[in-house]
Amino acid sequence: MTTGLTTEISPAGEAELAGAARALAEGRLVAFPTETVYGLGADATNADAIARLYQAKGRPAFNPLISHVADLAAAEKIARFDAPALALARAFWPGPLTLVLPKTRDCAVAELATAGLDTIAIRIPSHPVARAILDAFGKPVVAPSANISGHVSPTTAQHVESDLAGRIDLIVDGGPVEVGVESTIVGCFEEPMLLRPGGLPREEIERVLGRALLQPPSDVENDSAQPLAPGMLSSHYAPRTRVRLNATDIAPGEVLLAFGSPLKDAERAAAVMNLSERGDLNEAATHLFGYLRALDARMAQTIAVMPIPNHGLGEAINDRLRRAAA
Ligand code: TXA
Ligand code: MG
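Sequence positions are assigned chain by chain, starting from 1 and proceeding in written order. For this description, chains carry letters from A and ligands carry numbers from 1, given in the order in which they are written. The model is predicted, so local features are restricted to residues of pLDDT at least 70 and side-chain atom pairs to those at 80 or more, both for listing and for counting; the totals for chains, interfaces and linings are taken over all residues. In computing side-chain values, all of the structure's heavy atoms are included and hydrogens and water are not.

Asks: Before we go on, may I ask you to explain the overall build of the protein in this structure?
Replies: Numbered from the N terminus, helices here are DSSP runs of H or I no shorter than four residues, and strands are runs of E no shorter than two. Broken down by element type, the protein carries 11 helices and 14 strands. Restricting the calculation to C-alpha atoms gives the radius of gyration, and the globule rule supplies 2.2 Å times the number of residues raised to the power 0.38. Computed over its C-alpha atoms, the radius of gyration of the protein comes to 19 Å, within 12% of the 20 Å expected for a compact globule of 326 residues. Dimensions of the protein, computed from the C-alpha atoms along their principal axes, are close to 60 × 50 × 35 Å. To sort residues, take the accessible area from a 1.4 Å probe on protein chains only and compare it with the maximum for the residue type: under 20% means buried, over 50% means exposed, and anything in between is partly exposed. When each of the 326 residues of the protein is scored for burial, the buried share is 57%.

Here is the structure:
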């Protein structure tokens with residue numbers, strides 16, 4: 001189903017970025033690159049635009065959105081930072097980190113964006129295109145990943161187009177993203193908690209905090225009516241093809257998502273894509289969602305996935321793969 005909009009795709013030149021900011025001010029839906037994945041932006045203070053954003057993605061309105069801002073001063077207008085939150089913001093912003101914080105009393109972000117919670121998720125992206133749009137727009141921009149709800153996140157403008165053409169107004173094409181998995185989300189509660197592993201490795205966050213991050217409740221509890229990180233339902237990030245994890249062999253008819261040196265019977269696979277032949281987890285993250293989309297399009301019986309080490313960006317990669325397999 002489309003909503004019958006004409007979706008314009010523009011390059012990321014100066015004039016187009018100013019145009020993207022004007023489109024946001026008019027309540028339009030604008031997809032743009034961040035360093036993690038492409039986001040679908042709307043004016044965070046415009047409830048109508050946010051309602052249309054939820055509709056365009058097919059996203060349940062109880063799943064709140066991340067507000068993207070240009071700088072720390074803008075973040076402090078909408079959320080209250082305690083000392084650990086400030087330390088994380090100073091160490092990692094701009095960058096692939098989202099903080100969940102208590103809202104300020106006069107927070108201008110629409111209730112619909114925070115799904116009625118008294119907390120708000122905030123991030124300052126580092127991608128020059130995202131920064132230029134945020135600077136020119138001058139207000140917070142809500143931006144979930146620019147995919148149909150439940151699909152794999154987009155890492156190129158073409159991924160956005162294949163999910164959302166006809167449903168949104170504009171896609172700013174800034175080329176493939178750098179990181180490839182979504183931002184790490186830390187809940188700044190009494191004790192900081194890792195709500196979603198992502199593009200900033202846990203180890204770096206714990207080094208700045210000087211202590212371990214709390215673990216979120218298990219997915220089982222998290223699938224309840226009031227999950228702590230509402231978007232982290234286990235069925236998220238799903239390709240249509242069945243996904244088999246920690247594969248050490250290949251069955252006929254399977255396609256293989258490899259990491260490092262491929263399995264010795266890899267030639268039996270109908271297709272092989274290697275996340276990183278040299279076993280580099282950062283490189284693997286940049287390829288993850290694109291390769292999942294490409295292997296999904298082969299209509300194989302199963303995508304077999306080789307084991308991935310669980311440190312650095314491996315934690316986020318394994319998290320997304322577990323959800324894809326659920
Ligand atoms: O890298 C990213 O974070 C990308 C780019 C575009 O910035 N955005 C992204 O947004 O991944 P989205 O909507 O796909 O995921 C946001 C997650 C959801 O799981 C949502 O439930 C959670 O953040 N979230 C938002 N507000 C929250 C809050 N107040 N408390 C807990 N979780 C929250
Ligand atoms: Mg998403």
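Asks: I keep staring at the environment of Arg 293 and nothing clicks. Help me out?
Replies: As for its placement among the helices and strands, Arg 293 is situated in helix H10 (residues 281–296). In this structure, the C-alpha to C-alpha distance between Arg 293 and Thr 241, residues 52 residues apart in sequence, is 9.8 Å. Beyond its immediate sequence surroundings of up to four residues, Arg 293 is in contact with Asn 147, Val 152, Ser 153, Pro 154, His 159, Ser 162 and Asp 163. Residue contacts are counted whenever heavy atoms from the two residues lie within 4.5 Å of one another.

Asks: I would appreciate a short explanation of the sheet that holds strand E11 (residues 242–244) in the present structure.
Replies: Picture the strands of a sheet paired through backbone hydrogen bonds; they go either parallel or antiparallel. DSSP calls a pair of strands paired once it identifies at least 2 bridges connecting them. Strand order in the open sheet formed by four strands is E11-E14-E12-E13, with parallel pairing between adjacent strands. Each edge of the open sheet carries a strand with a single partner, namely E11 and strand E13 (272–274). The mean inter-strand angle of the sheet, taken between neighbouring strand axes irrespective of direction, is 20 degrees. Pairing of strand E12 (residues 254–258) with strand E14 (residues 302–305), which is carried by four bridges, proceeds in the parallel orientation. Of the residues in E14, the one forming a bridge with Leu 257 is Val 305. To get an axis, fit a line to the C-alpha atoms, keeping to the stretch in contact for a helix; angles then go from 0 to 180 degrees between the N-to-C directions.

Asks: How should the side chain of Thr 7 be read in this particular structure?
Replies: Note on placement: Thr 7 falls in the segment before strand E1 (8–11). Polar contact is defined as a pair of N or O atoms within 3.5 Å, subject to the rule that within protein one atom must be able to donate a hydrogen and the other to accept it, and that residues adjacent in sequence are counted only when both atoms are side-chain atoms. Polar contacts involving the side chain of Thr 7 include one to the main-chain amide nitrogen of Gly 166, which spans 2.8 Å. Among the polar contacts made by the side chain of Thr 7, one reaches the main-chain carbonyl oxygen of Ile 168 at a distance of 2.7 Å. Setting aside its immediate chain neighbours within four residues, Thr 7 contacts Leu 164, Ala 165, Gly 166, Arg 167, Ile 168, Asp 169, Leu 170 and Ile 171.

Asks: What's the story with the nonpolar core in this structure? I'm lost.
Replies: A general tendency of soluble globular proteins is for nonpolar side chains to be buried together. Membership of the largest hydrophobic core comes to 49 residues, with the highest contact counts inside it found for Phe 81, Trp 93, Leu 97, Leu 99, Ile 122, Ile 168 and Ile 205. Once residues within four sequence positions are removed from consideration, Ile 122 is found in contact with Ile 66, Ser 67, Val 69, Ala 75, Ile 78, Ala 79, Trp 93, Leu 97, Thr 98, Leu 99 and Leu 101. The criterion is simple. A nonpolar core is a set of buried Ala, Val, Leu, Ile, Met, Phe, Trp, Tyr and Cys residues joined through side-chain atoms within 4.5 Å. Of all hydrophobic cores here, the second largest spans 27 residues; its members include Val 255, Leu 275, Leu 281 and Leu 292.

Asks: Hey, could you run me through the pattern of salt bridges in this one?
Replies: Pairing of side chains with opposite charge becomes possible as their charged atoms draw close. Salt bridges are defined by distance alone: a side-chain nitrogen of Lys or Arg within 4 Å of a carboxyl oxygen of Asp or Glu. Within the structure shown, the criterion is met by 17 salt bridges. With a shortest N-O distance of 3.8 Å, Glu 111 and Lys 103 are connected by a salt bridge. Its salt-bridge partner being Arg 278, residue Glu 283 comes within 3.5 Å of it at the nearest N-O pair. On the accessibility criterion, Arg 278 (63% relative accessible area) is exposed. Salt bridges sharing partners connect three or more residues here, namely Glu 182, Asp 319, Arg 320 and Arg 323.

Asks: Would you mind showing me how to read the state of the cysteines here?
Replies: Each disulfide is one covalent bond, formed between the sulfur atoms of two cysteines. When two cysteine sulfur atoms are found within 2.5 Å, that pair is recorded as a disulfide. Summed over the entire model, instances satisfying the criterion amount to zero disulfides. No disulfide involves Cys 107; its sulfur sits 15 Å from the nearest other cysteine sulfur, which is in Cys 188. On the basis of relative accessibility, which here comes to 15%, the residue Cys 107 falls in the buried class.

Asks: Explain the environment of Gln 158 here, please?
Replies: Within the secondary structure, Gln 158 is located in helix H7 (residues 157–164). Assessed through its relative accessible area of 47%, Gln 158 is described here as partly exposed. Taking the C-alpha atoms as reference points, Gln 158 and Gly 175, 17 residues apart in sequence, are found 9.3 Å from one another.

Asks: What is the right way to look at the domain arrangement of the protein in this model?
Replies: Where interface size is given, it is often the accessible area lost as the parts come together that is meant. A domain assignment, automatic or from a database, supplies the domain bounds used here. According to the domain assignment, the protein consists of domain 1 (8–209) and domain 2 (242–325). Here domain 1 and domain 2 have C-alpha centroids that lie 28 Å from each other. Every contact between the two is made by 24 residues of domain 1 and, on the other side, 14 residues of domain 2. Of the roughly 1400 Å² buried between domain 1 and domain 2 on both sides combined, carbon and sulfur atoms contribute 56%. Reported buried area values correspond to the accessible surface (1.4 Å probe) lost by two parts on association, with both partners' losses combined.

Asks: What am I meant to see in helix H4 (residues 83–92) here?
Replies: Side chains three or four residues apart in an α-helix point the same way, a direct result of the helix having 3.6 residues per turn. The set of residues buried in H4 consists of Ala 85, Leu 86, Leu 88, Ala 89 and Phe 92. Projection of H4 onto a plane perpendicular to its axis shows the buried side chains occupying an angular sector of 165 degrees, all on one side. Summarising the geometry of H4, the exposed residues directed more than 90 degrees from the buried face are Ala 83 and Arg 90. Contacts from the buried residues of H4 go to helix H3 (72–78), strand E5 (97–102), strand E9 (184–188) and helix H8 (202–209). Put simply, Asp 82 is the residue that caps the front of H4, since its side-chain oxygen is 3.0 Å from the backbone nitrogen of Ala 85. This arc is taken over the directions from the axis of the helix to the C-beta atoms.

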